[in-house]
Structure formats: structure tokens, C-alpha cells
Amino acid sequence: MNVQIPRGDMTPSLETALRRSVPRIYGIDNWGVGYFGVNSRGHLVVKPDRGEREIDLLEVVQELEKRGMQSPLLLRFPQILDQQVANLKGAFDRAIQEFDYPKTYQGVYPMKVNPRREVVERLVTAGRPHKLGLEVGSKPELYLALTQEPHPDSLLICNGFKDDEFMEMAFWAHQLGRRVVIVLEQVKEVYSYMRAAERNEERPLLGMRGKLYTRGSGKWEDSGGETSKFGLSTIEMLECIRLLREEGYEDNLAMLHFHIGSQITDIRKIKAAVREASRVYAKMKSLGVPIQFLNVGGGLGIDYDGSGSSSDSSVNYTAQEFANDVVYTVGDICRNEEVEPPILVSESGRALSVYHSILILSAESRFDPNLEARYEFDPKKKSPALAEMHDILEEINVKNYREYYHDALQRRDELFSLFDLGYLGLAERAQAELLFQEVCEKALHFAMLTKNRSEDFVLLAKALRKKYVSNFSVFQSLPDSWTIGQLFPILPIHRLDEPPTEYGILADLSCDSDGKVDSFVDIKTIKDFVELHAVLPGEPYYLAICMVGAYQEVMGSFHNLFGRVNEAQLLVDDDGKVRIEGLHAGHRIRDVVHLVGYDADQLRSRLQARIEAQVEAGELLREDADLILSGVDKCAARSTYLRDHRNIPQEEEPQNP
Ligand SMILES: *Cc1c(COP(=O)(O)O)cnc(C)c1O
């Protein structure tokens, strides 16, 4: 779309100002919370400690390509995990000090948010000084948590629906010296606990997940409220207490837990939920139940679009305000009810992991100016049918664009009727399409100049967005964009000193019309395009999808058999030197066929047998047979994504051991 300011008309100072304003288009300072910036070369940088030290993403991508690791790439920044753990603990510590709260705060990391080893183990290490524990909601998560070594005083919270086996595992974890809290989700889990307690001398602590009247806000509103799938109603909580009291297990009841959903967008919902939960805590305490911990669950939201609003991809509060509200409200109600305040626990997962990873993809534009030039309409070779469309193109201007655009629509229909009846050839049809396209672009240009917001031109702007075919799968790497319309910041990692000229959307590689990204973050609204550059011939164009560290990885699926992407971890040393670690090749074709029940070796034998039979029957030459077989072997050992043949230095890509 030609909305570019003609460069020749610019004074040097205007040009500089324009270049400087490019990062603002993407709102980096709004959503980046200090972790992102643009350097003097116009490259996106990550600042893992929000200080001076930075990592140039283009340099990293080029270095990884030299080592045979192509995009799509998932880049992890473990130091951001360290920062986020310290930030959250710091926020609670400050609030505790400010409001003179007499007890402490201890977080747990919910494994479901991102159970990747690199993430969990880094968080456990970074969390040791802060007594960060783990929260699990299934047997496999508990199995993983069992093998971690967090601070001995940290909590291991078992949520979710449990069977006897889950319960038994939790008892073992307790015997192994972990500070386990089994949170009852249903009354029948009390019986399961008591059965395990009969077999074991040592008994872990218990908690109860309560159903609150208060609901969350945003996409997960249904996780809370009376109709929620989770938690115990008031009657059920009383029944649990009665049963435990009768059998002499009441002293183990140590935690009250609630969780009203993830990404709570409105601070008022958090306040209301904490107020209600504090009241439940205080009343229970008054009944003589020895609760020591109040666990406020997850829900601490993230400002993905930088708008600081209560819209779905944003939040109208900071982590500090969240901590302040929890600490103040619990303290206030406990004073009011004259009960001893609890140790505070939160299960903030999204907030700890979301910033730490970025997905890098290479994009290609479907739009090729050279191709269009070749088939340009030549007015000298008179085609009377096209003359009128050509005249419209020549004469359309800022005063008449509306009328001329409508004329063009009519002409186009007429031209297609002519084609239908056999009066136009393919070359003329191509020219008609091209001329019409140019009229549309001009009309839109004028509509934008005159700030025309009429339906026609809004639709036209949408229709003229350029498709950037991007080397990734939404289903594998960005599932929340597909399922719940979650927005993520998306921007190029280079050319950020060059004003973008195109309005783009991303199309992924999958053969699924849902495999696209066409909603983008903006401070005021949701944009249906992202400003991108024209892709230069022979040069890669890399985009970053930021803030993909929470939920996206583990929920990704294998639609079209696109597999996990290549990964690397990036650290920056004290002297500013960037270290690339933890290279991990994504799924190869051999791996994904295995995921759907095939055995790659067996497939190969079958193929070989078939080829041999063809050679024997004289249908295939021996040399060709060998070429095909070795070719197929090579492909099967490679990435499931498109291969960029420009920059593969060595024949073989790195393999996982
Ligand atoms: C998912 C979940 C969390 C994590 O919530 P975030 O909003 O990501 O912090 C915490 N607790 C429970 C019980 C959950 O199910």
C-alpha cells in the first residue's frame, strides 16, 4: 500500500525524526516493561536485567543459522526468569513492610504454565533464596516436582482431581522431606487421604480449595464463581472439616486456597475475591480450624498490549498493586475479625514465565512488484474493454476517489462477465485484476488522507492487507491466538530504523484457514494489521512474537505434523558478552511420524522394499533408486518447517543426542 511519504521530499531532520519514531509504532515501551529496546542499528534487543546489557536478536539469529539452526526459533532468556521471580517476591515484601503485615509471603510456580525443564529448573534455582515452591495439578507434574530441589521450606502444593495413586505419591513426597500441601478439590478426596494416612505414619498437610461467589474477569471468568468446575462449596468445606475432625486429622488442615482464573484483567475482581476469601479464612479460624496459609491462586495478569486497561489482553494494575491489595485486604479483615493473619501464598505462573521467551520466524511477502510490472497494462496495445478501468486509474484523485472507486467496482464486474462469456483472454483478465488492484490502492490512499472511515473503505483496507507467509504453525507455537484470540506483540527484529510501508497479516504454513494472525496489539484498540516492511529480494525478514513464555509451549499441537521448533538459550555475562547455550533441535520429520503411531525405521524398510521391487521389475534404475532412498533419509532427519536454502552452510543440521 502506498502510504509512504516520498523520501525525496524529506529534510534530514524529518528523516531522523521519522526513523526514531519507528519503535513507537510497535509500542515496545508500552508492553516491554524494560526487557526490550531498539539499538542504534535498528535491531530489536533484549535486556535480561532491564539494565545496560543487551542481546541483539538479529546477531543471535544469524549466529544460530551459521550453526545450522534455522527459524522458527524459540529463544529463551533465563535471566528474565530470575528477574521475574525476584520482582514478584520484592513486590510482596514491599507490601508486607508498607502495611506492617506480621507474616511472610511464599510463592509457588504452577507447573502447568510451562513445564519445560529449562523453565522449571531455572525457576527452582532462582527461587531458592525466595522459598519459591511448586504447584502441581496432575500425577506427571507431581512426578517431575518430586525430583526438583527447591528450598527445603518451600511448598509443594497438590491441586487438581486426585485418585488414590496421586494421593500416595503426595505422601511419598512428604516422606522425602518435601513440604507437601494436598489441596482437597472434592469431598471424596478426604477418604482417599485417610486411606493413605492409614498406611503411612507421616502425613502431609491438607488444604481446601474454596468456591468463591466472586468471579474473575477476562477470558477465564468461568474458573471462579458458584458454577465453577473447581473447588468446594461452603457445605462441602464444612463436611471436609467435620470428617477430618472426627478422624483426628484436623490438625493437618493448614491451607485455604482459591483461584478465580488466569489473566484477571480488572483489579477490582482481585480485591473482591481476596476480601471474600479472607472472610472465609477468618470465619474458619474462629471455628478453631488451624489454618496457617491463605493461597490466593494465580490470576496475576500481564499487559500484553501495553494499554494498561481491563481489556482481555491487558490489565489495569501492576504486580505491586496486586501484592498491595492482597496484603492490605487480608491484614485488614484479620484485624477486623481479630484472628491471626495467615502466611500468604500465590500461584502466579503467567507472571513468572511469560516474558522469558520469544518466537522468531522468517516471513515472506506474497506480493512481488517485479511480477506485477511484467504484466502491466499497456495502453498502446488498445484493449477497449480495459480502457475505462485504465482511465479510472489515471484520473482518480482525492476529490473523486469515492465515486471512481464505485465505478471501478462496477467495471470489474462487467469485465468478469465478459470473461465468463468468452470475450476476454487470460492476459486481459490478468491486466484487469492488476488495474483494479491499483485503483483500490489509490482509493484507499485517498480515503486514509481524508480520514474516511466509511464501511467501504474499512473493508477495502482489510482486503488490501498484505499476507506475510511465515515459517511457523499457529497451532504449534501460538495456540492461544487461535483458540481464545489472545494478542501477542509482533514486530520485526531488524529494520526498526526504517519506516514500515506495508499493512500486513501473518499466514502460517498450515493448510488451515485458521492458521493466521490477523489481530495485533495497539495501545488504543486492537489492530487488524501490523506495520511491516517490504521484503527485500534475497534477504530474510525476521519477525519476533514476544511474550510466548506462558501456556503456549505446552498447549501447542501437531496440526499438519509441524513439530516443536529449534530452541536456544541466551545469557549475557557481566561484561556484556552474549552466551548462546542449550541449543536444542526441534522435532525432525522422523520424530513427528512417531507421535502419530508410525515407526520411522519400519517406514524406511517398507519404502526400500518397494524401491527394490521396482528396480527388479526394471521400472527404476539402480542409481535413481539410491538417490531417492538417500534423499528421503535426509529429509526425514530434518526439521518439519520450510528450509531456507540461502543460509545453510553445512549439509547436516545439529541433532539431539
Ligand atoms: C492455572 C492455575 C494457576 C496459574 O495461574 P496464572 O494466572 O498463570 O498465574 C494457578 N493456580 C491454579 C489452581 C491454576 O489452575
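Since this is a predicted model, take the numbers as computed values, not measurements.

Novice: Any chance you could break down the overall build of the chain for me, citing the residues and the numbers?
Specialist: Counting secondary structure elements, the chain contains 23 helices and 23 strands. Dimensions of the chain, computed from the C-alpha atoms along their principal axes, are close to 100 × 75 × 55 Å. Put simply, the chain has 657 residues, and 51% of those count as buried. Look at the contacts in the chain between residues 6 or more apart in sequence, and 74% of them connect residues 24 or more apart. As displayed, the chain has an accessible area near 30700 Å², and 51% of this comes from carbon and sulfur atoms.

Novice: Got a sec to walk through the pairing of strand β22 (residues 566–572)? Specific residues and values, please.
Specialist: In terms of burial, β22 is largely enclosed, as seven of its seven residues are buried. Of the two faces of β22, the one lined by N566, A568, L570 and V572 and the one lined by E567, Q569 and L571 are each fully buried. Pairing geometry for strand β4 (residues 73–76) and β22, over four bridges, is parallel. Paired with L75 across the two strands is A568, which belongs to β22. Pairing analysis gives five bridges linking β22 to strand β23 (residues 578–584), with the strands arranged antiparallel. Bridged to Q569 within β23 is E581. Linking β22 to β23, which pair antiparallel, is a turn of five residues; within it G576 sits at a positive phi near 90°.

Novice: Got a sec to walk through the site of the ligand? Specific residues and values, please.
Specialist: If you check the shell around the ligand, you find 17 residues, and the closest are K112, S262, E347, G349 and Y551. The separation between an oxygen atom of the ligand and a polar side-chain atom of K112 is 2.6 Å. E347 places a polar side-chain atom, nitrogen or oxygen, 2.5 Å from a nitrogen atom of the ligand. Residues belonging to the shell around the ligand are distributed by class as follows: three nonpolar, nine polar and five charged.

Novice: Lay out the packing of aromatic side chains with the relevant residues and their values.
Specialist: Per the counting criterion, the structure on display carries 17 aromatic pairs. Ring geometry for Y193 and Y249: centres 5.8 Å apart, planes at 85°, overall edge-to-face. Here Y193 is found in helix α8 (residues 188–199), whereas its partner Y249 is found in the loop between α9 (234–246) and β10 (253–257), with 56 residues between them in sequence. Ring centres of Y317 and F322 lie 6.5 Å apart, and the angle between their planes is 25°; this geometry places the pair in the stacked category. Per residue, the accessibility class of Y317 equals that of F322, and both read buried. Taken together, the ring pairs in this structure connect F92, Y105, Y317 and F322 into an aromatic cluster. The ring of Y35 has R50 lying over it, and the distance from NZ or CZ to the ring centre is 4.4 Å. The lysine or arginine in question, R429, covers the ring of F419, its NZ or CZ lying 4.7 Å from the ring centre.

Novice: Account for the sheet that holds strand β1 (residues 36–38), with residues named and values stated.
Specialist: One open sheet holds the three strands; their spatial order is β1-β2-β3, and the pairing between them is antiparallel. Each end of this open sheet is capped by a strand with a single partner; those strands are β1 and β3 (55–56). Alignment of β1 against strand β2 (residues 44–46), held across three bridges, turns out to be antiparallel. When the sheet's bridge partners are listed, G37 is paired in β2 with V45.

Novice: Report on the domain arrangement of the chain, specifying residues and quantitative values.
Specialist: Assigned domains within the chain: domain 1 (78–354), domain 2 (371–464) and domain 3 (589–636). A separation of 53 Å is found between the C-alpha centroids of domain 1 and domain 3.

Novice: Before we move on, could you go through a nonpolar patch on the surface and cite the residues and values that matter?
Specialist: A contiguous nonpolar surface patch, about 430 Å² in accessible area, is contributed by F558, L561, L595, V596 and Y598. The topology assignment puts L595 in helix α21 (residues 589–595). Look at L595 and you get partly exposed, because its relative accessible area is 46%.

Novice: Describe the side chain of N114, naming the residues involved and giving the relevant values.
Specialist: Looking at the element boundaries, N114 is found in the loop between β5 (105–110) and α5 (117–127). One polar contact links the side chain of N114 to the main-chain amide nitrogen of R116, over a distance of 3.1 Å. The residues contacting N114, other than those within four sequence positions of it, are R76, Y109, V119, V120, H356, G549 and E553.

Novice: How would you summarise the sheet that holds strand β12 (residues 343–346) if you had to cite specific residues and measurements?
Specialist: Spatial ordering of the closed barrel is given by β5-β6-β7-β8-β9-β10-β11-β12, a layout of eight strands whose pairing is parallel. On average, adjacent strands in this sheet sit at an angle of 25° to one another, irrespective of strand direction. By the bridge criterion, three bridges tie strand β11 (residues 293–295) to β12 in an arrangement that is parallel. The residue bridging F293 from the neighbouring strand is I343, located in β12. Taken strand by strand, helix α6 (residues 139–146) contacts β6 (133–136) and β7 (155–158), and its axis lies near 160° from that of β6.

Novice: If you had to explain the confidence of the model for the chain to someone new, which residues and values would you point to?
Specialist: Fine structural detail should not be taken from predicted coordinates in areas where pLDDT scores are low. Chain-level pLDDT for the chain is 92 on average; 94% of the residues reach the 70-or-more range. Here residues 1–7 is modelled with pLDDT under 50, and outside its nearest four sequence neighbours on either side it reaches 18 contacts, counting other chains as well.

Novice: Give me the nonpolar core: which residues, what numbers.
Specialist: Soluble, globular proteins show a tendency: their nonpolar side chains are buried together. Ranked by size, the top nonpolar core spans 142 residues in total, and within it L75 and I360 carry the most contacts. Residue contacts for L75: discarding those within four places in its chain leaves L57, V60, L64, H356, S357, I358, I360, A568 and L570.

Novice: Give me the environment of V469: which residues, what numbers.
Specialist: Here V469 is to be found in strand β14 (residues 466–470). Sequence-wise, V469 and E364 are 105 residues apart; in three dimensions their C-alpha atoms are separated by 5.2 Å.

Novice: Which residues make up unusual backbone geometry, and what are the values?
Specialist: The peptide bond linking S71 to P72 adopts the cis configuration, its omega dihedral lying at 0°. With respect to the helices, strands and loops of the structure, P72 is situated in the loop between α3 (57–66) and β4.

Novice: Run through the pairing of strand β21 (residues 542–545), naming residues and quoting values.
Specialist: Burial of β21 is two-sided: the residues Y542 and A544 facing one way and the residues L543 and I545 facing the other way are all buried. Relative to β21, strand β13 (residues 357–365) is paired through four bridges, and the arrangement is antiparallel. Each bridged residue has a counterpart across the sheet, and for L359 the counterpart in β21 is I545. Relative to β21, strand β15 (residues 490–492) runs antiparallel, the two being bridged by three bridges. Across the sheet, the residue bridging to I490 is I545, located in β21.

Novice: Any details on helix α1 (residues 12–25)? Residues and values, ideally.
Specialist: Over its 14 residues, α1 runs 20 Å from end to end, which matches the ideal 20 Å to within 8%, given 1.5 Å per residue. Among the residues trailing α1, G27 stands out with phi positive, at a value near 70°.

Novice: Outline the packing of helix α15 (residues 401–420) against helix α16 (residues 426–449), listing residues and values.
Specialist: α16 packs onto α15 with a crossing angle of 165° between their chain directions and a minimal axis gap of 10 Å. Judged by the inter-axis angle, α15 sits roughly antiparallel to α16. Two packed elements cross with a definite hand, and for α15 against α16 that hand is left-handed. Contacts from Y401, Y405, A408, L409, R412, L415, F416 and F419 in α15 reach L426, R429, A432, E433, F436, V439, C440, A443, F446 and A447 in α16.

Rules used throughout
- Residues numbered from 1 in each chain as written.
- Predicted model: local features only at pLDDT ≥ 70, side-chain atom pairs only at ≥ 80, totals over all residues.
- Heavy atoms only, no water.
- Helix = DSSP H or I, 4+ residues; strand = E, 2+ residues; numbered from the N terminus.
- Buried < 20%, exposed > 50% of the residue type's maximum accessible area, 1.4 Å probe, protein only.
- Contact = heavy atoms within 4.5 Å.
- Areas by Shrake-Rupley, 256 points an atom, 1.4 Å probe, with all protein chains shown as cover.
- Pairing = 2+ DSSP bridges.
- Near = heavy atom within 4 Å.
- Polar contact = N/O pair within 3.5 Å; in protein donor to acceptor, adjacent residues only side chain to side chain.
- Nonpolar A, V, L, I, M, F, W, Y, C, P; charged D, E, K, R; others polar.
- Phe/Tyr/Trp six-rings, centres within 6.5 Å; stacked < 30°, edge-to-face > 60°.
- Lys NZ or Arg CZ within 6 Å of the ring centre and 35° of its normal.
- Domains from an automatic or database assignment.
- Patch = residues over 30% accessible without salt bridge, like charges linked within 9 Å, V, L, I, M, F, W, Y side chains within 5 Å.
- Salt bridge = Lys/Arg side-chain N within 4 Å of Asp/Glu carboxyl O.
- Axes fitted to C-alpha atoms, helices over the stretch in contact; angles between N-to-C directions.
- pLDDT = per-residue confidence, 0-100.
- Core = buried A, V, L, I, M, F, W, Y, C linked by side-chain atoms within 4.5 Å.
- Expected span 1.5 Å × (residues − 1).
- Parallel < 35°, antiparallel > 145°, perpendicular 65-115°, else oblique.
- Left-handed = near helix turned anticlockwise from the far one by under 90°.

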